[in-house]
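Summary of structural features
Chain by chain, the residues:
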Amino acid sequence: MKGLFLTLEGIDGAGKSSHIDALEALFRARGRQVTRSREPGGTPLAETLRGLILEQPMDALTESLLVFAARRDHVVRVIEPALARGDVVLCDRFTDATFAYQGGGRGFDAAVLSTLERWVQSKTGAEALLQPDITIWFDLAPEIAAERLAGARVPDKFESQPVEFFRRVAAGYAARAAGEPRFVRIDAARPREAVWQQIEAALAGRGLLASAAGSAP
Ligand code: TYD
């Protein structure tokens, strides 16, 4: 089967991580091999960079370069080989997060981010960049996300930002999603079960829940 690249996006506290196990089970039940990963991270080098990105103060260009350096290693070592094998790649965040957090949240130049995106996601011999086939965008008002996060755990560098930062991140996601058919907007303010139903309906509606050849539905 053809590989499928699925990403989950949204502001901190939107609840995306709580659906990854169910997504994996959904695809495995259809006989698909699943590679699960996250960004920043997904390789030993990228996980080391993640620690720096999430804990160290740095200017927005340094942050963007580190995020894309981590992404390059992840794309080359994990994502591309998994897609070539025909896996479903479930990735908690990808480049849309960079446009939302570094571009929207930190106000960094989107043209520079687009250049880095082209360098990092270009495919040998192909015009089109590597992009997710489908991006599940958990859309939630920043005020509600902040309430959900409050007291949950020790916040990292981004999670401890004020609500205005997350308003800009949310606007960054909305701008990135506009007119991009790969985005599925999920109303993440709904109860967890209703959120899951939206996800399942979106995948089914796009014909992404077919079984792998020779396995039970
Ligand atoms: P997150 O995915 O929320 O992981 P966890 O659930 O373990 O906290 O954390 C990753 C953080 O990194 C999140 O605050 C968003 C940020 N981030 C960026 O700023 N730019 C990026 O390109 C990516 C992938 C993440």
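See the structure printed just above.
In what follows, the accompanying structure is described. (Residues numbered from 1 in each chain as written. Predicted model: local features only at pLDDT ≥ 70, side-chain atom pairs only at ≥ 80, totals over all residues. Heavy atoms only, no water.)

Side note on the site of the ligand
Stated precisely, the cut-off is as follows: Here, proximity means that at least one heavy atom of the residue falls within 4 Å of the molecule or strand. Residues adjacent in sequence count toward polar contacts only when both atoms are side-chain atoms; beyond that, a polar contact is any pair of N or O atoms within 3.5 Å, and within protein one must be able to donate a hydrogen and the other to accept it. Surface accessibility in these figures is a Shrake-Rupley result with a 1.4 Å probe; residues are shielded only by whichever protein chains are displayed. Only runs of H or I of at least four residues qualify as helices and only runs of E of at least two qualify as strands under DSSP, and these elements are numbered from the N terminus. Ten residue types, Ala, Val, Leu, Ile, Met, Phe, Trp, Tyr, Cys and Pro, are classed as nonpolar, four, Asp, Glu, Lys and Arg, as charged, and the remainder, Gly among them, as polar.
Neighbouring the ligand are 17 residues, the closest being Asp 12, Val 67, Arg 93, Thr 98 and Gln 102. Taking Arg 50, its side chain carries an N or O atom lying 3.1 Å from an oxygen atom of the ligand. At a separation of 2.8 Å, a nitrogen atom of the ligand approaches a polar side-chain atom of Gln 102. For the ligand, the accessible surface in isolation is 550 Å², of which the surrounding protein chains cover 91%. Those elements that provide at least two residues to the shell around the ligand are α2 (44–55), α3 (60–85) and α4 (95–105). Tallying contributions element by element places α4 first for the shell around the ligand, with 4 residues. Within the shell around the ligand, the residues separate by chemical class into 6 nonpolar, 3 polar and 8 charged.

Examining the sheet that holds strand β3 (residues 88–92)
This is how it is decided: Paired strands are those between which DSSP finds at least two bridges. Working convention: axes come from line fits to C-alpha atoms, limited for helices to the stretch in contact. Angles between N-to-C directions cover 0 to 180 degrees.
Taken together, 5 strands build an open sheet; the order of strands is β2-β3-β1-β4-β5 and the sheet is parallel. If you trace the sheet from one side to the other, it starts and ends with β2 (34–38) and β5 (183–187), each paired once. Each adjacent strand pair in this sheet contributes to an overall mean axis angle of 20 degrees, direction not counted. Bridge count between strand β1 (residues 4–10) and strand β4 (residues 134–139): 5 bridges; the pairing is parallel.

A word on the pattern of salt bridges
Counted only if it meets this: Think of a salt bridge as a Lys or Arg side-chain nitrogen and an Asp or Glu carboxyl oxygen that are within 4 Å of each other. Classification of residues uses two cut-offs on accessible area relative to the type maximum, computed with a 1.4 Å probe and protein chains only: under 20% is buried, over 50% is exposed, and between them is partly exposed.
Inspection of every chain in the model, using the stated rule, returns 19 salt bridges. A salt bridge links Glu 63 to Lys 157; the shortest N-O distance between them is 2.7 Å. Taken together, the positions of Glu 63 in helix α3 and Lys 157 in the loop between α6 (142–149) and α7 (163–177) put the pair 94 residues apart, joining distant regions of the chain. Exposure remark for Glu 63: the relative accessible area of 0% places this residue in the buried category. We note a salt bridge from Arg 176 to Glu 117, for which the minimum N-O separation is 2.7 Å. Placement of the pair is Arg 176 in helix α7 and Glu 117 in helix α5 (residues 110–121), with a sequence separation of 59 residues. There is no split in this pair, since Arg 176 and Glu 117 are both buried.

A short note on α3
Rules: Any helix carries an expected span of 1.5 Å times its number of residues minus one. Take the seven residues that end at a residue and the seven that start at it, fit an axis to each, and the angle between those axes is the bend at that residue.
With 26 residues, α3 should cover 38 Å at 1.5 Å per step; its first-to-last C-alpha distance of 36 Å lies within 8% of that length. By the largest-angle criterion, Val 75 marks the main kink of α3, which is about 50 degrees.

By themselves, these are just geometric observations and shouldn't be taken as functional.
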